[in-house]
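# Survey of secondary and tertiary structure
The primary structure of each chain is shown beneath.
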Amino acid sequence: MQASHLRSTNPTATIDTSEYDINATLTDAYTADHSNPIDGETVMSGAAEFVDVLIVGAGLAGIGSACQLRRKSPELSFTVLESRAVSGGTWDLFRYPGIRSDSDMYTYSYGFKPWVKKSAIADGDTILEYIREAADEYDLNRHIRYNHKVVSAQWSSTDNFWTVTAARSDPQSDTEEPLTIRCRFILSCSGYYDYDQGYTPEFAGIEDFQGEIIHPQQWPEQLDYKNKRVVVIGSGATAVTLVPTMSKDTASLVMLQRSPTYIANMPAEDPWLKPLGKCLPSSWVFRLIRWKKVFLQQFIYRLSRKKPGRVRRYLLNEIRKELGPDYDIDTHFSPNYNPWDQRLCAVPDGDMFAAIREGRAEVVTDHIDRFNGSGIILKSGTQLNADIVVVATGLKLKFGGGIIYSIDGDQIDLTKQFVYRGMMLSGVPNMAISVGYTNASWTLKTDLTAKYICGLLKKMDRNGFTSVTPTLTGEIGELPMLDFNAGYVHRARDLMPRNGDRDPWKNNDRYTKDFVNLEFKHNKYSELKFR
């Protein structure tokens, strides 16, 4: 096998980085007794550690990307740095009742690891188990460093590698120590939102409320809501998940929304599963259902764009079938925007509608005037009394994990760079950010990204290149990054990089197009500068 040109000729050599102020006070050595040492790498006293690929984040995308590295590029060394104490990302962080996927698992699961369970919509614990099972199968755990938060990354054009600064925390003593690790390529899989806090609007009088106020992102493990009066503020995926689950035990439950969201009923088990399972192996069943879901998702999304009135009528008619002709669908389930202007919420087997039909839950559409000691006063004058208020009002976006990137000592403003093929950034060498689709399953794109990066690294290896930089050539216009009107997108427009009006700088929202372009097109490396 040809030796990898991505590897340093002397991985443990001490390299002078004192020219960068941020590293002047950092420890330049990583002791050999750290947990989860890299296979085959010896960490010497007085030398910074070196790996070919550094993956940031051990959630769904990070674990999937590491698996792809093991599958496609086993000759490359890698490390995964995870800021939290455990793997799983979103699926370990969020612990609210009933948490589940809002995409079907045939497309949300990894393409290389078939989803074999019966339910097309999985609960959080099952997804977490699936992610960790993949990590076990590909022997990833010894490559993951927990409690390692990446703070900054500096590229040296002279040496063609990144010097990454991380803070290693000790949960026992509540202390942190700085360390550096050097790598040829960074693959950031840190997600798109702030793990430390969710988004909570400013509510007048909230300090007067005598009950408990909970955000789903910081759900108390011991919260007792049995026989309590609960108000859930919000109408998105989190709210429509909480309502059917919590309402089984509460004295009353109100979902309070400022405006409605489109909600679609979907079967918990795919109707193709049983007939196909009688005559085909499970891996074939997975592939067939996965591609069916892909095409169906794209069809519905495109139809929503071309004939929104038709899709709207269909969705509202389905809700009328669930709730009956006397229910006020126009007030509580008829949004003032077109389908897929915001993400569509899916409820398996209509569990949300069942909670309403059975009187366990109620939907109230109104604006909050203020909180008081007993609950919430609405603009209409109605008082909602509550013991617990759940603020399911969304996420706070954080692009790129908040890492500070610099090239040759100059800090990069990521919001000024154009996105290349939905993963790399103009002018930034040897770095990719793994993000998924907003109108389809997240993992469809992160899987493609990981495979593309593996192919890119192999090309560099074959040709003796040590750096690759997306470089704009010719004229380019600019379009909004996301064709999406969700609140969290509007709040974060200034935090996002730039989106071009032509390939390969135009962010694509269609999996089938990306699948062809990233895996089969001869020009899939166009406008990349290798050296």
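What you see is a predicted model; the values in this text were computed from it and never measured. For every chain, the first residue of the written sequence is number 1, and numbering continues from 1 onward in sequence order. The predicted origin of the model limits local features to residues at a pLDDT of at least 70 and limits the giving and counting of side-chain atom pairs to 80 or more, whereas totals for whole chains, interfaces and linings rest on all residues. Hydrogens and water molecules were not included; the side-chain quantities draw on all heavy atoms of the structure.

The pairing test for Phe, Tyr and Trp rings, Trp by its six-membered ring, is centres within 6.5 Å, and the orientation test on the planes gives stacked under 30 degrees, edge-to-face over 60, and tilted for anything in between. Going through the model one piece at a time under the given rule, you end up with 26 aromatic pairs. Ring plane angle 5° and centroid distance 5.0 Å describe the contact between tyrosine 110 and phenylalanine 112, whose orientation is recorded as stacked. A single burial state applies to tyrosine 110 and to phenylalanine 112, both of which are buried. Within the aromatic cluster, the residues linked to one another by ring pairs are Phe94, Tyr96, Tyr192, Tyr193, Tyr195 and Trp442. Criterion for a charge above a ring: Lys NZ or Arg CZ within 6 Å of the ring centre, and within 35 degrees of the ring normal. Above the face of the tryptophan 272 ring, lysine 292 is positioned so that its terminal group lies 4.7 Å from the ring centre. Directly above the ring of phenylalanine 530 sits lysine 459, whose terminal nitrogen or CZ lies 5.4 Å from the centroid. Per-residue accessibility, obtained with a 1.4 Å probe over protein chains only, is compared with the maximum for each type, and a residue is labelled buried under 20%, exposed over 50%, and partly exposed between these values.

Right, let's talk about the pattern of salt bridges for a bit. Salt bridges, as used here, are contacts in which a Lys or Arg side-chain nitrogen is within 4 Å of a carboxyl oxygen on Asp or Glu. All told, the structure shown has 28 salt bridges when counted by the stated rule. Aspartate 341 is the partner of arginine 305 in a salt bridge, and the nearest nitrogen-oxygen pair spans 2.7 Å. Here the residue arginine 305 occupies a position in helix 7 (residues 282–306), and aspartate 341 occupies one in the loop between helix 9 (329–332) and strand 11 (345–348), the gap between them amounting to 36 residues. On the basis of relative accessibility, which here comes to 27%, the residue arginine 305 falls in the partly exposed class. Residue aspartate 341 is classed as buried on the basis of its relative accessible area of 16%. Close ionic contact of aspartate 503 with lysine 513 constitutes a salt bridge, the shortest N to O distance being 3.7 Å. Here aspartate 503, found in the loop between strand 24 (499–500) and helix 13 (511–519), pairs with lysine 513, found in helix 13; they are ten residues apart in sequence, far enough to count as distant. A single salt-bridge network, built from bridges that share partners, covers Arg84, Asp92, Arg95 and Arg132. Runs of E in the DSSP output that reach at least two residues are strands. Runs of H or I that reach at least four are helices, and both are numbered from the N terminus.

When two helices pack together, their arrangement is given by the angle between the helix axes and by the axis-to-axis distance. Angles here are taken between N-to-C directions and fall from 0 to 180 degrees, while the axes themselves are lines fitted to C-alpha atoms, restricted in helices to the stretch in contact. The interhelical angle for the contact between helix 1 (residues 60–72) and helix 4 (residues 124–137), taken along N-to-C directions, is 25°, at an axis separation of 10 Å. As the angle between them shows, helix 1 and helix 4 are arranged roughly parallel. Judged by the sense of rotation from one axis to the other, the crossing of helix 1 with helix 4 is left-handed. Contacts between helix 1 and helix 4 involve Leu60, Ile63 and Cys67 from the first element and Ile131, Ala134 and Ala135 from the second. Residue polarity follows a fixed list, in which Ala, Val, Leu, Ile, Met, Phe, Trp, Tyr, Cys and Pro are nonpolar, Asp, Glu, Lys and Arg are charged, and the others, Gly among them, are polar. Of the residues belonging to the contact of helix 1 with helix 4, the class tally is six nonpolar, no polar and no charged. Note on angle classes: values under 35 degrees are labelled roughly parallel, values over 145 roughly antiparallel, values of 65 to 115 roughly perpendicular, and the remainder oblique. Crossing handedness is read from the near helix: turned anticlockwise from the far helix by less than a right angle, it gives a left-handed crossing, and turned clockwise, a right-handed one. Contact criterion: two residues are considered in contact whenever any of their non-hydrogen atoms come within 4.5 Å of each other.

Attention shifts here to the pairing of strand 16 (residues 388–391). Going residue by residue along strand 16, you find Ile388 and Val390 tucked away on one face and Val389 and Val391 tucked away on the opposite face as well. Strands qualify as paired when DSSP identifies two bridges or more between them. Where strand 7 (residues 212–214) and strand 16 come together, three bridges link them in parallel fashion. Pairing of isoleucine 214 across the sheet is with valine 390, part of strand 16. Across four bridges, the pairing between strand 8 (residues 229–233) and strand 16 is parallel. Across the sheet, residue valine 231 finds its bridge partner in strand 16, namely valine 389.

Counting residues in hydrophobic clusters, the biggest one holds 99 residues, and the most contacted among them are Ile55, Ile63, Phe185, Phe333, Met424, Leu456 and Leu528. It is helix 11 (residues 442–463) that contributes the most residues to this core, nine residues altogether. With residues near it in sequence (within four places) discarded, phenylalanine 333 still touches Pro260, Ile263, Leu316, Ile319, Leu323, Tyr327, Phe353, Ile356 and Val363. Buried Ala, Val, Leu, Ile, Met, Phe, Trp, Tyr and Cys residues form a nonpolar core when they are joined through side-chain atoms within 4.5 Å.

Turning our eyes to something else, we now look at the sheet that holds strand 9 (residues 252–257). Reading across the sheet, the five strands line up as 7-16-8-9-12 and stay open at both edges, with parallel pairing between neighbours. Two strands lie at the open edges of the sheet, namely strand 7 and strand 12 (362–365), each paired on one side alone. Strand after strand, the sheet turns through a mean of 20° between neighbouring axes, direction not considered. Where strand 8 meets strand 9, five bridges bridge the pair, whose relative direction is parallel. The partner of valine 231 across the bridge, within strand 9, is valine 254. Against the sheet, helix 5 (residues 237–246) engages strand 8, strand 9 and strand 16, with an angle of about 165° to strand 9.

Low pLDDT marks stretches whose predicted atomic positions should not be read closely. Scored between 0 and 100, pLDDT is the confidence that the predictor attaches to each residue. Counting all residues, the mean pLDDT for the protein is 89, and 89% of those residues have values of 70 or more. Confidence drops under pLDDT 50 across residues 1–46; counting only partners more than four residues distant or on other chains, this segment forms 97 contacts.

Moving on, we get to the side chain of arginine 290. Within the element layout of this structure, arginine 290 appears in helix 7. When charges are tallied, Lys and Arg are placed among the positive residues and Asp and Glu among the negative ones, while His and the ends of the chain are skipped. Lacking a salt bridge, the buried arginine 290 has aspartate 447 as its closest oppositely charged neighbour, with an N-O distance of 4.2 Å. Once residues within four sequence positions are removed from consideration, arginine 290 is found in contact with Tyr106, Thr107, Ser109, Tyr110, Gly111, Leu444, Asp447 and Tyr511.

Let us now look at the pairing of strand 5 (residues 161–170). The buried fraction of strand 5 amounts to eight of the ten residues, a majority that puts the element mostly inside the structure. With eight bridges connecting them, strand 4 (residues 148–156) and strand 5 associate as antiparallel partners. Looking at the pairing, lysine 149 lines up with alanine 167 of strand 5.

Once that is clear, we can look at the sheet that holds strand 13 (residues 368–371). Neighbouring strands of a sheet are bound in pairs by backbone hydrogen bonds; such pairs are parallel or else antiparallel. Taken together, three strands build an open sheet; the order of strands is 13-14-15 and the sheet is antiparallel. Only two strands of the sheet have a single partner each, and these edge strands are strand 13 and strand 15 (383–385). Going across the sheet, the axis of each strand differs from the next one's by a mean of 25°, ignoring polarity. Alignment of strand 13 against strand 14 (residues 375–378), held across three bridges, turns out to be antiparallel. Within strand 14, the residue paired with phenylalanine 371 across the bridge is isoleucine 376.

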